[in-house]
Amino acid sequence: MTPLHTVTIIGTGMIGTSIALALAERRVTVHLQDASEEALRIAEAMGAGTVEAAGRPTDLAVLAVPPRHVPGVLRDAQRRGTALHYTDVASVKTLGRTGPGGPGFDTSRFVGGHPIAGREKPGPAAARGDLFHAKPWVLTPTAHTSDATSGAARRLVELCGATLVTMDAHAHDRAVAVTSHLPHLLSSLTARLLREADPHALTLVGSGLRDFTRISAGDPELWTDILGSNATAVRDALEVLARDVDTTLRALRSLTGEGAGRADAATDEDTEARQWLRTVLEEGRDGRARIPVKYGPQDRVFAQLRVALPDREGELARLLSDVSRRGVNVEDLRIDNDPEAPSGLIELLVDETEADKLALWLTDLGWQVHAPTPA
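The structure displayed is predicted, hence computed values, not measured ones. (Residues numbered from 1 in each chain as written. Predicted model: local features only at pLDDT ≥ 70, side-chain atom pairs only at ≥ 80, totals over all residues. Heavy atoms only, no water.)

Caption draft 1: Structural context of the overall build of the protein chain. On a plain count of helices and strands, the protein chain comes out with 12 helices and 11 strands. Taking the principal axes of its C-alpha atoms as reference, the protein chain extends roughly 80 × 55 × 40 Å. Residues classed as buried in the protein chain amount to 35% of the 375 residues present. Averaging the coordinates of the 41 positive side-chain charges in the protein chain and doing the same for the 51 negative ones gives two points 4 Å apart. (Helix = DSSP H or I, 4+ residues; strand = E, 2+ residues; numbered from the N terminus. Buried < 20%, exposed > 50% of the residue type's maximum accessible area, 1.4 Å probe, protein only. Lys, Arg positive; Asp, Glu negative; His and termini not counted. Charge placed at Lys NZ, Arg CZ, Asp CG, Glu CD.)

Below, the structure is given as structure tokens:
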């Protein structure tokens, strides 16, 4: 890999500052650039790097700007001789590849990149140096990309603690349209309905709606850019979904019409409608099951262990301490807690071979444990 001693971060938002923090922790000299003086001051105050000019080209420049700005910022940075090599972190990777006159920048010294990590909160204050730990980081080299540039980007991924994934740019954009961009759009469309919801109805909101609409809290300006920049792939995915939505609407209309109140002699239309709904739910469950439980190698099998967690200070620490004393590693955890309720529920993700023994161990220690289920 190409050594990285100095790096320029262009764009000190949440992602850019998180990269800078990760590099600073590995003793890389980081120079920060941003059009926003306030963002620069915050990032520098957090220890992400210095706003002082490098004085000479740095080993790598990371463009942490919205997708549509990447080609222009890259052209300008190369013209100024900012760095020896360049990469970006935008979630759309086919920008600036074609068009009259070419992209307008040296493609041999640029490799597209996209860390699959983030938070809903924008800005440098939300940055974390461990944001990319064990997360996928996609690089999209082309036949024009130099080995040295690819090596510099790979070293960046390594320093940030991420897992390298190499993809074709077009394949990447089609993939994230389904796994990221369309889900964000659907989350926002659903959350939009809540604006006019009865306030009393909102008191009935459970963890399902909270989880589904969580990503809709993202930066609208950034996501307008992302969706617009990947419009073709998102449109294609949405058209497939639209056909299923149209079929579902017809099924529901059938069930609210002549089939209503005739459970003892359902019409053919009612039967077909219910079968479609069942198919949607079954296939949705099957699709959900295909999502890897964790990033990285998929040869391990995990189980979920649900434990009632009293709403008292120190209970979470006590539970994790009891699990640790058993010698079981918690791969992940999720807390479903209502501040007004006397107890919540914590879901522990553990190796399947340890789940039953851990359940018995915790039960003997007085915890209320539900039977383990496949993750």
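Caption draft 2: Representation of the packing of aromatic side chains within the structure. Per the stated rule, a full pass over the model turns up two aromatic pairs. Relative to Phe 110, the ring of Phe 105 lies with its centre 5.8 Å away and its plane at 70°, an arrangement referred to as edge-to-face. Judged by its relative accessible area of 13%, Phe 105 falls in the buried class. With a centroid separation of 5.2 Å and an interplanar angle of 50°, the aromatic rings of Phe 132 and Trp 137 are classed as tilted. Given a relative accessible area of 0%, Phe 132 falls into the buried group. On the basis of relative accessible area, Trp 137 is assigned to the buried category, the value being 1%. (Phe/Tyr/Trp six-rings, centres within 6.5 Å; stacked < 30°, edge-to-face > 60°.)

Caption draft 3: A look at helix α10 (residues 268-289). For α10, spanning 22 residues, the distance from its first C-alpha to its last is 31 Å, which sits close to the expected 32 Å at 1.5 Å a residue. Considered for burial, the residues of α10 that qualify are Asp 270, Ala 273 and Thr 279. Looking at the buried positions of α10, the neighbouring elements they touch are α9 (231-255). (Expected span 1.5 Å × (residues − 1). Contact = heavy atoms within 4.5 Å.)

Caption draft 4: Local environment of the pattern of salt bridges. Using the criterion set out here, one finds 17 salt bridges in the structure. Close ionic contact of Asp 88 with Lys 93 constitutes a salt bridge, the shortest N to O distance being 3.0 Å. The same class applies to Asp 88 as to Lys 93, namely buried. Glu 347 is paired through a salt bridge with Arg 306; the nearest N and O atoms lie 3.4 Å apart. Note that Glu 347 is positioned in strand β10 (residues 343-351) and Arg 306 in strand β8 (residues 302-310), a separation of 41 residues in sequence. Using a relative accessible area of 23% as the deciding quantity, one classes Arg 306 as partly exposed. One network of salt bridges, in which partners are shared, links Asp 211, Arg 306, Arg 334 and Glu 347. (Salt bridge = Lys/Arg side-chain N within 4 Å of Asp/Glu carboxyl O.)

Bear in mind that shape data such as this cannot, by itself, settle questions of function.
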